[in-house]
Structure formats: C-alpha cells, structure tokens
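Summary of structural features
Below are the chains, spelled out letter by letter.
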Amino acid sequence: MTAETPEQLFRKTLHARGYRVTPDRLRVFRHLLARPQPVAVAELADALQAEGTHPVTVYRVIDCLSALGVVHPVLLGSAVGFELSAPFRAHHHHLWCRGCGRLFDLAECELDPVIRRIEEVHHLKVEGHELTLEGLCDRCAARSEA
Ligand SMILES: [Zn+2]
Ligand SMILES: [Zn+2]
Ligand SMILES: [Zn+2]
C-alpha cells in the first residue's frame, strides 16, 4: 500500500466536509505545499493572479482552508503568514529573528507533556497549538550593540 500524498489527503478532507475540489482551492494548496515558509495572503494573491485566480478568491479560499484546519496563521511581529497544518506537512514551530526577518523551522516539539497537564487542570481537550519564538540572531544582536 502506498502512502497518500498531501494532495490526495486534501481532496479527501474537502469531500468529507462537503466542499468541492475547485481549481482555485487546489492552486492555493499546491502553492503552499511548495513553499517552505509561511506566505502572506497578499503575496499569495499576487502569485496566483498569474494563474488566473482572482485575489478576492484567494482571501476566500484562505478563510475556508483556515476553518477546515488545513492552514493556520503564523504571526511574525505584526505580519501574518499562512502555512499548511499537520498532517499536510509535519508539525513544527518557528524561531524568528525580528532584526533581519530570518525564520528557522524547529522540528522538535516538547509541548505534549505540558499540554496534557493543562488539559487536566482546565478540563479542555486541546486540539492544536502554534508557537513562534522570537528574538535577535547573533548578527543582529551585534549590530544593535554597535
Ligand atoms: Zn513553518
Ligand atoms: Zn537577524
Ligand atoms: Zn508543537
């Protein structure tokens, strides 16, 4: 048995929730799949306009995919980017330098024990989380001291 590709899983998710697989939804999904880092909706709209998707449609598709949990927002200072959620790509966190804007993926997630404890205390089943650590990289820190 071969594993499902992210796109097959995406088509299945849309069907299961009663949504049609439209060319616009597929384009947004494929674009995000090809991008290693979060993308601002305005930038996504720009990129997809060339492929025939109206910018307003891109905003609507992002709303729809957010509601379905396929994508989630990542806050970088006052900017917001979107990226695919697990299981469409591996669960990870971010490390962001607010000086130069470099963004690093953190593959390891050590929050599970903390979340289990919080669930017990608050009697609430946690379904997801998002974490971005921010600061200054060595280069930017040295520059700000100079
Ligand atoms: Zn990411
Ligand atoms: Zn930096
Ligand atoms: Zn995590």
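Residues numbered from 1 in each chain as written. Chains lettered and ligands numbered in written order. Predicted model: local features only at pLDDT ≥ 70, side-chain atom pairs only at ≥ 80, totals over all residues. Heavy atoms only, no water.

Details of the nonpolar core
Counting residues in each nonpolar core, the largest one holds 22 residues, and the members touching the most others are Phe10, Val28, Leu32, Leu44, Leu65 and Val70. Contributing elements (two or more residues each) for this core: helix H1 (6-16), helix H2 (23-34), helix H3 (41-49), helix H4 (55-67) and strand E2 (79-84). No other element matches H4, which puts 5 residues into this core. For Val28, the contacting residues outside a window of four places in its chain are Leu44, Leu48, Val61, Ile62 and Leu65. (Core = buried A, V, L, I, M, F, W, Y, C linked by side-chain atoms within 4.5 Å. Buried < 20%, exposed > 50% of the residue type's maximum accessible area, 1.4 Å probe, protein only. Helix = DSSP H or I, 4+ residues; strand = E, 2+ residues; numbered from the N terminus. Contact = heavy atoms within 4.5 Å.)

A few points about the pairing of strand E3 (residues 93-97)
Counting buried positions over the 5 residues of E3 gives 4, a clear majority of the element. Where E3 lies against strand E4 (residues 103-106), 4 bridges are found, and the strand directions are antiparallel. Across the sheet, residue Trp96 finds its bridge partner in E4, namely Leu103. Here E3 folds back onto E4 in antiparallel fashion, the turn holding 5 residues, of which Gly101 has a positive phi close to 80 degrees. Strand direction decides the pairing type here: E3 and strand E5 (residues 132-135), joined by 4 bridges, are parallel. By the bridge assignment, Leu95 is partnered in E5 with Leu133. (Pairing = 2+ DSSP bridges.)

A word on the sheet that holds E3
Judged by pairing direction, the sheet is mixed, and its 3 strands sit side by side in the order E4-E3-E5 without closing on themselves. Both edges of this open sheet fall to E4 and E5, since each of them pairs with a single strand only. The mean inter-strand angle of the sheet, taken between neighbouring strand axes irrespective of direction, is 20 degrees. (Axes fitted to C-alpha atoms, helices over the stretch in contact; angles between N-to-C directions.)

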